[in-house]
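Descriptive analysis of the structure
If you want the building blocks of each chain, they are given just below.
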Amino acid sequence: MTVLDNDTFLIRLSEVFKAAEPIGRKVLLSMKRYTYGERKLIAKQQKETTESSSEAKDVSSDMEYPCLFRAVCGKTKLSTVVTTKDGNKFLNEYHTLLRGFIKMKPKDRKKDKEKKAVRVQKKKATTG
Amino acid sequence: MVYISTWPEFQKAVEDLYLNAPGQTRYVVDYSHKTGFLVLKVTDDRTCLKYKTESAPDMKKFERLNSILMTKMQNRKESVGSEEGNPTSSETPTAPPVHQPKPSTKSGSSSKKKKGKKNR
């Protein structure tokens, strides 16, 4: 799996969506905390804190982690690591991209009206 | 695998699952243009929570959940609702942004007309 930078990942993701749409293929997007190398870092920091002071601090609660984003469609696999600094910017662009490609049904106003009418009738029945 | 029917229930279950195992939890989104369904799956390899939707209003909820989960995964100490991205802010992570009611702009029957005083 190729690890790309954030902008390239978004460009390739839009290409994946465009290719998947006519075929009707599924696109799988995943998001996870990137913890590669965390154990070694925590062990190192704990060693430093025990050497310097007797109090054992919970190091992992203060740590900030990057986020791993993956996209899979058929044989195409993409991934990128998003740092805390670029988190909001990347997420905004990611959402804009998804809004363009994910097409869902608009709100069914007729069903909502029917539901509301049923609720009003029930209220009248209980009060009256 | 469990499909949860209501969004608030799903969101709460997801946040609880994440708090128990932040390192192992992954959030998977599955979309197929053929069926038009968006399926959200959150799992820590022991418990699996799923939510299926095809309605457009759920897209905003999905985006909000993405930003909440991302903030938690990154263990950022910023507020969740900030879209501009302020890395220097040191606010503690807050609850998801509450939808603020828009001020009512209805005119017509609700507007009160003031009667002018007649100067005699």
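Reading the values: rules and limits
- Residues numbered from 1 in each chain as written.
- Chains lettered and ligands numbered in written order.
- Predicted model: local features only at pLDDT ≥ 70, side-chain atom pairs only at ≥ 80, totals over all residues.
- Heavy atoms only, no water.
- UniProt positions renumbered as here; feature names shortened; annotations may be inferred.
- Helix = DSSP H or I, 4+ residues; strand = E, 2+ residues; numbered from the N terminus.
- Buried < 20%, exposed > 50% of the residue type's maximum accessible area, 1.4 Å probe, protein only.
- Contact = heavy atoms within 4.5 Å.
- pLDDT = per-residue confidence, 0-100.
- Buried area = accessible area lost by both parts, 1.4 Å probe.
- Salt bridge = Lys/Arg side-chain N within 4 Å of Asp/Glu carboxyl O.
- Polar contact = N/O pair within 3.5 Å; in protein donor to acceptor, adjacent residues only side chain to side chain.
- 1 Å grid on protein atoms, 1.4 Å probe; cavity = no way out; pocket = protein on both sides within 12 Å on 5 of 7 lines; lining within 4 Å.
- Points joined across faces, edges and corners; volume = space filled by probe spheres on them.
- Nonpolar A, V, L, I, M, F, W, Y, C, P; charged D, E, K, R; others polar.

In the nomenclature of an unreviewed UniProt entry, chain B is known as Signal recognition particle 9 kDa protein of Paraglomus brasilianum. According to its UniProt record, chain B has this under Subcellular location (unreviewed entry): "Cytoplasm". The record in UniProt for chain B states the following under Sequence similarities (unreviewed entry): "Belongs to the SRP9 family."

Chain A has the name Signal recognition particle subunit SRP14 in an unreviewed UniProt entry, where Paraglomus brasilianum is given as its organism. Of chain A, the UniProt comment under Function (unreviewed entry) reads exactly: "Component of the signal recognition particle (SRP) complex, a ribonucleoprotein complex that mediates the cotranslational targeting of secretory and membrane proteins to the endoplasmic reticulum (ER)." Annotation of chain A in UniProt includes, under Subunit (unreviewed entry), the sentence "Component of a fungal signal recognition particle (SRP) complex that consists of a 7SL RNA molecule (scR1) and at least six protein subunits: SRP72, SRP68, SRP54, SEC65, SRP21 and SRP14."

Before going further, it helps to examine the overall build of chain A. Looking only at helices and strands, chain A has four helices and four strands in total. When the helices and strands of chain A are placed in sequence order, the string is β-α-β-α-β-β-α-α. The buried share of chain A, reckoned over its 128 residues, is 32%. Within chain A, residue pairs in contact and separated by at least 24 positions form 68% of the contacts whose partners lie at least 6 positions apart.

Averaged over chain B, the pLDDT score is 75; the fraction of residues at 70 or greater is 62%. Within the model, the stretch residues 80–100 of chain B combines pLDDT values under 50 with 30 contacts to residues more than four positions away or in other chains.

As a further point, take the interface of chain B and chain A. In this assembly, 38 residues from chain B lie in contact with 39 residues from chain A. Summed over both sides, the interface of chain B with chain A buries roughly 3300 Å², with 57% coming from carbon and sulfur. Looking at the side of chain B facing chain A, the largest losses of area belong to Tyr31, Met70 and Gln74 of chain B, adding up to 19% of the total buried there. Linking chain B with chain A are two salt bridges, by the criterion used here. Here Arg99 of chain A makes a salt bridge to Glu63 of chain B, at a shortest N to O gap of 2.8 Å. Linking chain B with chain A are 13 residue pairs in polar contact (both at pLDDT 80 or more). Where the side of chain B that touches chain A is concerned, the elements lending two or more residues are strand S2 (26–32) and helix H2 (58–74) of chain B.

What follows covers the side chain of Asn66 of chain B. Among the secondary structure elements, Asn66 of chain B is positioned in helix H2. A polar atom in the side chain of Asn66 of chain B sits 2.7 Å from the side chain of Tyr27 of chain B. Setting aside anything within four residues of it in sequence, one finds Asn66 of chain B in contact with Met31, Leu91, Tyr94 and His95 of chain A together with Tyr27 of chain B.

Under the criterion given, the structure shown has three cavities of 30 Å³ or more. Of the pockets and cavities examined, the largest cavity occupies roughly 60 Å³. In terms of lining, the largest cavity is formed by Phe17, Ala20, Glu21, Arg25, Val27 and Phe101 of chain A together with Tyr31, Ser32 and His33 of chain B. Where the lining of the largest cavity is concerned, the elements lending two or more residues are helix H1 (6–23) of chain A together with S2 of chain B. Considering every element that reaches the lining of the largest cavity, the biggest residue donor is H1 of chain A, with three residues. By residue class, the composition of the lining of the largest cavity is five nonpolar, two polar and two charged. For the lining of the second largest cavity, the secondary structure elements donating two or more residues are strand S2 (26–33) of chain A together with S2 and H2 of chain B. Here the element with the most residues in the lining of the second largest cavity is S2 of chain A; it accounts for three residues. The residue inventory of the lining of the second largest cavity, partitioned by class, reads seven nonpolar, two polar and no charged.

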